[in-house]
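Each chain is listed here by its residues.
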Amino acid sequence: MDSVVRHYLYNNIFLQKDPIPLMGSIITEIFWKEEDAINKPFLRILQDPREILQASSRLKVINSALKINNLDSSMATLCCDIIQKEFFVDMSISEMAQYFRHAVQTLLEKTFEPLKHISAIAFLKEFVCCMWNQTLQDNYTQPIPFIGIMDISEFDGDVLIEEINNFMNEGNPLIHSLKVYFLRELRHKGLSIDDLQRFCVAHQDKFPWLSTFKWNDNKNNRFPFNPYWKLPEYCQVESAFKESCKAGNKAPFQAFMQQLLNSKAFRARIALIGLIISRLLYVDNEQGAEHQAVVFLKVVRKLNNLSTGYKQTIEKMLSNNQSLLRSDNATINNNLCLKSVIYHIIALHASIQPDSNPLAAYFHKIETCQDMFILATASNNDSLILNAVDTRSFMQMIQYACICGYRYIIASYVGNQRLDKPQIIEPVKSKGQPGYIGEQVNNMINHSVRSMPTSSYRILHLIVHALIGTYAHSPATLTFLCKHNQTINDSEQYCLDHIINDWTVLRQILYCSDEDLALLFHSLLTEMTLSPPPMSMLKTMAEREDWEIQFTQNYVFPLVKNVPKTIMSFRMALDAASTDQDNNSNIIDEIDQAIVINNECRLSKLPRLWRKIDIVNFNSFHAYYNRGLPQYQIKYPFLAVFFKYFERLEIIKNLWQIVQFVKILHSRLSYRITRKDAEKMTFDEFINMEANRTDLYKMFQKFEDSWNSVIDKVDRYICHELNEKPVMNRSMPIIMGLIEAKDPSFYLCAILEYLIDMQNNFLRDVMTIPGSCKSLKFLEQHSFDAEEGISTTTIETPNQYSIRLLTLNQACIDNIIIYDREELDGIHMFSQRNLEIGCGLDVTYDLQKIEIELARQLVFEKVYIDKVDETSLYLPPFSYHMELIQVSLSILGDIRDLIPQEQIPPEQAELLIGSPANLSYAFLDTSLDNPSEILSSLEILLCFIKRISGGNGESFIKDYINQWSTLSRLNENDEFRNLLNLPLKLKHIISLYELIEGQVANLTIEYTHDKYKEKLTSKQPEEIENLIDFETKQPAKIVNGKIEKFSAEVFATALKRFIYRFLQNENQKETDPLYLYICEPSLHFWPPAISELKNLDESFPKSLCVNQAYKAYKFVEEQIGYHKKMVSSREQQVQNQLNNP
């Protein structure tokens, strides 16, 4: 740590007066190493700098290097920023109070220790922030409860207040900077200049030094700036009006009014409206405003050559009776900012000719705009839907309408009604519809139309609706808004809702306050005044798109490229213009740091170090990206995809917690619990049954939290609307956590589909990034390390990106996107604040490095998640006890294909069920105590054999189970373990399953639902009797490939298997013909010799329905019993005759 090389390096770094870009991350690492080596060095240096500098030779080198340059240097400013936000930001007010006196005394010291001074200023800035955070109330004029909040343990709030007041009386320039910073922090918290003045008056008893600030002469000014000062014509009218009011000299004002009659003097007309607005909107003086309103109204009405729209605008402003323009003393500052922008929009367009540009036409002659292509609105409804789908990701697409009323754009699907005959193989070209196309309020940050960047779209969209809303209740406006069958009940409110929504979204996009957004808008509107947009009536789609592109390039991009700089420059221009008029610079400029500061002031007050900064966070990063959107989208394509999804990516992390618990449920309960029991058992009951209940409770808690975080966002599953969205808790039935595409399990399926679609769609868009992206080089590797038992299938694209395709069962946590926006706070390592005065909130980011980090976090090792084979599910459907065949209809056939099967030898079968009957078709109860549990174990075994694609048919079942640890739980069942002691092999597994299944069916078949116990008709028993043979030892009598008669026992067994496998869950349609199911060869109700026949259904009674299967089975069973009695009776008679000749 104390090497000569390190000292040399530190000296060279901190000797720089202006550090190289993004040096902040290096200095942050250096300072944290000192924090690790010496506890709290930047706090302790306030008390005893000698001790700290002696304890750390490295800090001594840094301090010496900083002495070479003054504290106004960029390096000193950078160090101050880092110390404030890295080491002081998490301190409480009670902790900070202990060091307050030492920090303020440092400002008063004449000796110069730069590291101590820098730490003191960093500390005091964070102290002010912390104090206001903990004490400021919503109603800022109410007394601040310092005592109640700040009296913590031994800390005395009154002592701190006394210390603050005593130090604020010092006539030191740095103390003055601290006093101003108290107000600067309040400004950052949203208080307007008017609010600050009220705050100072309300709290000067507790803080007497608040009364020492010198505000400007106009104490009734409600707004911190007047945007019209940028126009030379406004300066002229302001001066003339003041001359008229104060000196009674009306000539200058009358001369100005004559200018308004010149059709080209639109800036003068804007200036007049600006003068009216400045008196009505910005001044807190009702009586004076009313008097001036009368004066303005009389003057304007005398000027006949002004347009009707211009005069009506002024009258509406003066009457204050329209909601878009209405304002009074109760209007809060945030709304006042928006109102000022609406006023300015209307002032600009009311002052120009109707044919000047499309926006002016919306204001003056909206009835002529019906056939125009309206700015910032959708092209048409159909193309809006179709182009929302990225058709580049699919080879072909088809549009369908479902019976549920929704439309689908899909790659392959058997829909209910196809809407378009040719397949969609490229993005749909919008035909375009002239006129206004209505829309719902959309608060998605990324929402836009055509090629407009989101910031440009929102700005123009707000302007359009402000102009339309000015005459919202006129018949022409209503006709305009409702051209395409749009239903609007209140057109004024409709426009206002869009305006407020656009304003709110813009604040998010640009990451700025209401006041700063207002300044940005006013700056843009001023540019539109000084350099008007082109004339065009937008008769074609191409003309509209070209106008929007020019609007973006000429007005939006130059201003949003650096929002803080734009705001500061515009504010300073306004202050300079107003100061020239008033000759009265004041504390407002100093608070906002919007004044030019001379060198003497820079060195004495250190305004650079006292500028406001904030924590670097995601919103700031997003705003920075949005400023340079077009070029950044091309240069950093992965970031473009990331920001398209960022609002939704965070929720994907819930997928893993849900899947983990669902897998536990499946592993514990598959084939072991019936559907009815799953509907009754709660999660709490399940957990308490398990040995590791503590761990399970923790897992369930994560499952519960994840479920409840997602469920409200899921609206549909397949064609079902999720109207009821159950909240997960431990009292819910466990069936809610089992995979099945039916109620109530489909809630879980819907959640999984929602989360997986999010991941898959994101990765799909990443894969379709054109060209070669530097941040995705790792996707260009075409080989993946194959894991045992995991498919290495990949998806490849023309740009040579490859990504693995796995199922959820194959995926691990590294394959799931685990994204937390809060963890992105590490991006501050790739950022640096603007170090100039007043620009501390302006942050520069290294987008290339951030893109690389994000790509590795969100894409590296992530997989495209595939559905389970032959299902629409992402996890295998849960297997309920006694429902194996319903879940996997072909499993018996699949096992036969994998392992050739044979019947169990009769002697072995007799040992199993204790009956010498024809064992494959046994109807007697068995000696097995619990055949149901044995059947459950066999179901698990069959599924495992299918999953690993078979085994050696000559292997003993017992040996096969013992070689797989996954199957070890099967040995927990004593009866099944005893069964394995018989010499049964894998080639007997189907025969064994059917044998045990038959025994279980004997016990449960009587409980079949009554709806499946429909009586046979009078003719059906005879029809059945004609088809069965009680004598044959073969499954059936077959002549020329056609069945003449079935064996009665085989026929009965087929019916029994159907009833057991399909009628237990009561979902089968009763009136379906029975032969459609029982004659289906893939379901294996019959022995292979019968199932393989092509025309089996021709031999089965067509009259039997599903709901008659039970009665048909009982009839055949009775006939078999009767026949056996008759045979037994005949045999007994013969035996008697032999015994008694």
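The rules behind the values
- Throughout, residues of each chain are indexed from 1 in the direction in which the sequence is written.
- The model is predicted, so local features are restricted to residues of pLDDT at least 70 and side-chain atom pairs to those at 80 or more, both for listing and for counting; the totals for chains, interfaces and linings are taken over all residues.
- Only hydrogens and water are set aside when side-chain values are computed; all heavy atoms of the structure are taken into account.
- Think of it this way: any DSSP run of H or I at least four residues long counts as a helix, any run of E at least two long counts as a strand, and we number them from the N terminus.
- Burial classes: relative accessible area under 20% of the type maximum marks a residue as buried, over 50% as exposed, and values in between as partly exposed (1.4 Å probe, protein chains only).
- Pairs of residues are marked as contacts when any of their non-hydrogen atoms sit within 4.5 Å.
- Accessibility throughout is a Shrake-Rupley quantity obtained with a 1.4 Å probe, and a residue counts as covered only by protein chains that appear here.
- Strands are treated as partners if at least two bridges between them are detected by DSSP.
- Axis angles are defined between N-to-C directions and span 0 to 180 degrees, where every axis is a line fitted to C-alpha atoms and, for a helix, only to the segment in contact.
- Here a pair means two rings of Phe, Tyr or Trp (six-membered ring of Trp) with centres within 6.5 Å. Their orientation is stacked below 30 degrees between planes, edge-to-face above 60, and tilted elsewhere.
- Only Lys NZ and Arg CZ are tested; either one counts as a charge over a ring when it is within 6 Å of the ring centre and within 35 degrees of the ring normal.
- Buried Ala, Val, Leu, Ile, Met, Phe, Trp, Tyr and Cys residues form a nonpolar core when they are joined through side-chain atoms within 4.5 Å.
- Polar contacts here mean pairs of N or O atoms no more than 3.5 Å apart (in protein, one a potential hydrogen donor and the other a potential acceptor; neighbouring residues in sequence count only if both atoms are side-chain atoms).
- Scored from 0 to 100, pLDDT reflects the predictor's confidence in each residue.
- Angle categories are assigned with fixed cut-offs, so that under 35 degrees is roughly parallel, over 145 is roughly antiparallel, 65 to 115 is roughly perpendicular, and the rest are oblique.
- Polar here means any residue other than Ala, Val, Leu, Ile, Met, Phe, Trp, Tyr, Cys and Pro, which are nonpolar, and Asp, Glu, Lys and Arg, which are charged; Gly is therefore polar.
- Residue count minus one, scaled by 1.5 Å, sets the expected span of a helix.
- If you view the pair so one helix is near and one far, a crossing is left-handed when the near helix is turned anticlockwise from the far one by less than a right angle, and right-handed when it is turned clockwise.
- Every case where a carboxyl oxygen of Asp or Glu lies within 4 Å of a side-chain nitrogen of Lys or Arg is listed as a salt bridge.

**Brief notes about the overall build of the protein**
Stage number 1. Of the regular secondary structure elements, the protein holds 50 helices and 13 strands.
Stage number 2. Here the protein holds 1141 residues, and the buried ones make up 55% of them.
Stage number 3. Counting only contacts in the protein whose residues sit at least 6 apart along the sequence, the fraction spanning at least 24 positions is 73%.
Stage number 4. Of the accessible surface of the protein, which amounts to about 51,000 Å², a share of 49% is contributed by carbon and sulfur atoms.

**Points about the sheet that holds strand β12 (residues 1036–1039)**
Stage number 1. If you walk across this open sheet you meet the three strands as β11-β13-β12, and the pairing is mixed. Looking at strand neighbours, the two that pair on one side only are β11 (1028–1029) and β12, the edges of this open sheet.
Stage number 2. Note that β11 and strand β13 (residues 1042–1047) share two bridges and pair parallel. Opposite aspartate 1029, over in β13, you have serine 1047 as the bridge partner.
Stage number 3. Docked against the sheet, helix α46 (residues 1048–1062) engages β11 and β13, running at close to 85° with respect to β13.

**Some words on the packing of aromatic side chains**
Stage number 1. In the structure shown here, the tally under the stated rule is 63 aromatic pairs.
Stage number 2. For the ring pair tryptophan 132 and phenylalanine 199, a centre distance of 5.4 Å and an interplane angle of 90° mean the geometry is edge-to-face. Of this pair, tryptophan 132 sits in helix α8 (residues 114–135) while phenylalanine 199 sits in helix α12 (residues 193–203), and the two are 67 residues apart along the sequence.
Stage number 3. Residue class for tryptophan 132 comes out buried when judged on its relative accessible area of 3%.
Stage number 4. Given a relative accessible area of 0%, phenylalanine 199 falls into the buried group.
Stage number 5. Taken together, the ring pairs connect Phe618, Phe621, Tyr624, Tyr625, Tyr632, Tyr636, Phe642, Phe643, Phe646, Tyr819 and Tyr845 into an aromatic cluster.
Stage number 6. The ring of phenylalanine 956 carries lysine 985 above its face, with NZ or CZ at 5.3 Å from the centroid.
Stage number 7. Taking the ring centre of tyrosine 1110 as reference, the NZ or CZ of lysine 1013 above it sits at 4.8 Å.

**Quick word on the environment of glutamate 515**
Stage number 1. Locating glutamate 515 in the fold gives a position in helix α24 (residues 514–530).
Stage number 2. Glutamate 515 sits 292 residues away from phenylalanine 223 along the chain, and the two C-alpha atoms are 9.4 Å apart.

**A few points about the nonpolar core**
Stage number 1. Ranked by internal contacts, the top residues of the largest apolar core, which has 193 residues, are Phe621, Phe638, Phe642, Phe762 and Leu776.
Stage number 2. A per-element tally of this core places helix α36 (residues 746–767) first, with 14 residues.
Stage number 3. Those residues in contact with phenylalanine 638, other than ones at most four positions away along the chain, are Phe762, Val766, Ile769, Cys773, Leu776, Glu851, Leu854, Ala855, Leu858 and Val859.
Stage number 4. Ranked by size, the runner-up nonpolar core spans 81 residues in total, among them Ile52, Phe100, Cys200 and Leu609.

**Side note on the environment of asparagine 815**
Stage number 1. Relative to the elements of secondary structure, asparagine 815 occurs in the loop between β7 (802–807) and β8 (831–833).
Stage number 2. Counting along the chain gives 50 residues from asparagine 815 to isoleucine 865, while the straight-line C-alpha distance between them is 9.0 Å.
Stage number 3. Reaching out from asparagine 815, the side chain makes a polar contact with the backbone nitrogen of cysteine 812 at a distance of 2.8 Å.
Stage number 4. A polar side-chain atom of asparagine 815 sits 2.7 Å from the main-chain carbonyl oxygen of glutamate 861.

**A few points about the side chain of asparagine 357**
Stage number 1. Along the chain, asparagine 357 turns up in the loop between α18 (333–350) and α19 (358–364).
Stage number 2. When its relative accessible area of 3% is taken as the criterion, asparagine 357 is described as buried.
Stage number 3. Reaching out from asparagine 357, the side chain makes a polar contact with the backbone nitrogen of alanine 360 at a distance of 2.9 Å.
Stage number 4. Discounting chain neighbours no more than four positions away, the residues touching asparagine 357 are His349, Ile352, Pro533, Pro534, Ser536, Met537 and Trp547.

**Structural notes on the confidence of the model for the protein**
Stage number 1. For the protein, mean pLDDT is 84; residues scoring 70 or higher make up 87% of the total.
Stage number 2. The secondary-structure element of the protein with the lowest mean pLDDT is strand β3 (residues 417–418), recorded at 44, while helix α6 (residues 74–88) shows the highest, at 95.
Stage number 3. The low-confidence segment residues 147–151, where pLDDT is below 50, has eleven contacts with residues more than four positions distant or belonging to other chains.
Stage number 4. Long-range and interchain partners of residues 411–429, a stretch whose pLDDT sits below 50, account for 36 contacts in this model, where long-range means more than four residues apart.

**Digging into the pairing of β7**
Stage number 1. In terms of residue burial, β7 counts as a mostly covered element, since six of its six residues are buried.
Stage number 2. Judged from the three bridges that link them, β7 and strand β10 (residues 864–866) form a sheet pairing that is parallel. Counterpart to leucine 806 in the pairing with β10 is isoleucine 865.

**With respect to the packing of helix α15 (residues 266–280) against helix α17 (residues 308–319)**
Between two packed helices, the angle of one axis relative to the other and the distance separating the axes together describe the packing.
Stage number 1. Here α15 crosses α17 at 5°, and the two axes come no closer than 11 Å. Compared by their axis directions, α15 and α17 come out roughly parallel. Contacts between α15 and α17 involve Arg269, Leu272, Ile273, Ile276, Ile277 and Leu280 from the first element and Tyr310, Thr313, Ile314, Met317 and Leu318 from the second.
Stage number 2. Here the contact of α15 with α17 is built from residues that sort into nine nonpolar, one polar and one charged.

**Focus on helix α50 (residues 1109–1139)**
The α-helix winds at 3.6 residues per turn, so residues separated by three or four positions along the chain end up facing the same way.
Stage number 1. Between its terminal C-alpha atoms α50 stretches 44 Å, which fits the 45 Å expected from 31 residues at 1.5 Å a residue.
Stage number 2. Taken residue by residue, α50 has Ala1109, Tyr1110, Ala1112, Tyr1113, Lys1114, Phe1115, Val1116, Gln1119, Ile1120 and His1123 as its buried positions.
Stage number 3. Those residues of α50 hidden inside the fold are in contact with α44 (989–1004), α45 (1020–1025), β11 and α46.

**Section: the packing of helix α39 (residues 891–898) against helix α41 (residues 931–947)**
Stage number 1. As a packed pair, α39 and α41 sit with axes 10 Å apart at the nearest point and diverge in direction by 55°. For the element pair α39 / α41, the angle class is oblique. For the pair α39 and α41, the crossing hand works out as left-handed. From α39, Ile891, Leu892, Asp894, Ile895 and Leu898 reach across to α41, where they touch Leu942, Cys943, Ile945 and Lys946.
Stage number 2. Grouping the amino acids of the contact of α39 with α41 by side-chain chemistry returns seven nonpolar, no polar and two charged.

**With respect to α24**
Stage number 1. Taking 1.5 Å of rise per residue, the 17 residues of α24 would be expected to cover 24 Å, and the 24 Å separating its terminal C-alpha atoms lies within 8% of that figure.
Stage number 2. The buried fraction of α24 amounts to 14 of the 17 residues, a majority that puts the element mostly inside the structure.

**Considerations on the pairing of β13**
Walk down a regular strand and you will see the side chains alternate between the two sheet faces.
Stage number 1. Two strands pair when backbone bridges link them, and β12 and β13 are joined in this way by four bridges, in the antiparallel orientation. Each bridged residue has a counterpart across the sheet, and for isoleucine 1038 the counterpart in β13 is isoleucine 1043.
Stage number 2. A loop of two residues connects β12 with β13, the two strands running antiparallel in sequence, and asparagine 1040 in this loop sits at a positive phi of about 55°.

**Considering the pattern of salt bridges**
Stage number 1. Following the criterion strictly, the structure yields 47 salt bridges and no others.
Stage number 2. Between arginine 58 and glutamate 34 there is a salt bridge; the shortest N-O distance is 2.5 Å. Of this pair, arginine 58 sits in helix α5 (residues 57–68) while glutamate 34 is found in helix α2 (residues 24–37), placing the two residues 24 residues apart along the sequence.
Stage number 3. For arginine 58, a relative accessible area of 5% gives the class buried.

**Looking at unusual backbone geometry**
Stage number 1. With a phi close to 70°, glutamate 861 is a non-glycine residue in the positive phi region.
Stage number 2. Residue position: glutamate 861 is located in the loop between α37 (847–858) and β10.
Stage number 3. Phi at asparagine 1040 is positive, roughly 55°, even though this residue is not glycine.
Stage number 4. Structurally, the position occupied by asparagine 1040 is in the loop between β12 and β13.
Stage number 5. According to the relative accessible area criterion, asparagine 1040 is exposed, its value standing at 79%.

**Thoughts on the side chain of asparagine 501**
Stage number 1. Residue position: asparagine 501 is located in helix α23 (residues 491–510).
Stage number 2. Those residues in contact with asparagine 501 that lie beyond four places of it in its chain are Val441, Asn442, Asn443 and Arg458.

**A closer look at the environment of tyrosine 717**
Stage number 1. Relative to the assigned elements, tyrosine 717 resides in strand β4 (residues 716–717).
Stage number 2. A relative accessible area of 2% places tyrosine 717 in the buried class.
Stage number 3. Taking C-alpha positions, tyrosine 717 is 8.6 Å from tyrosine 754, a pair spaced 37 residues apart along the chain.
Stage number 4. Tyrosine 717 has contacts with Leu722, Ala741, Phe746, Cys749, Ala750, Glu753, Ser872 and Leu873, leaving out every residue within four places of it along the chain.

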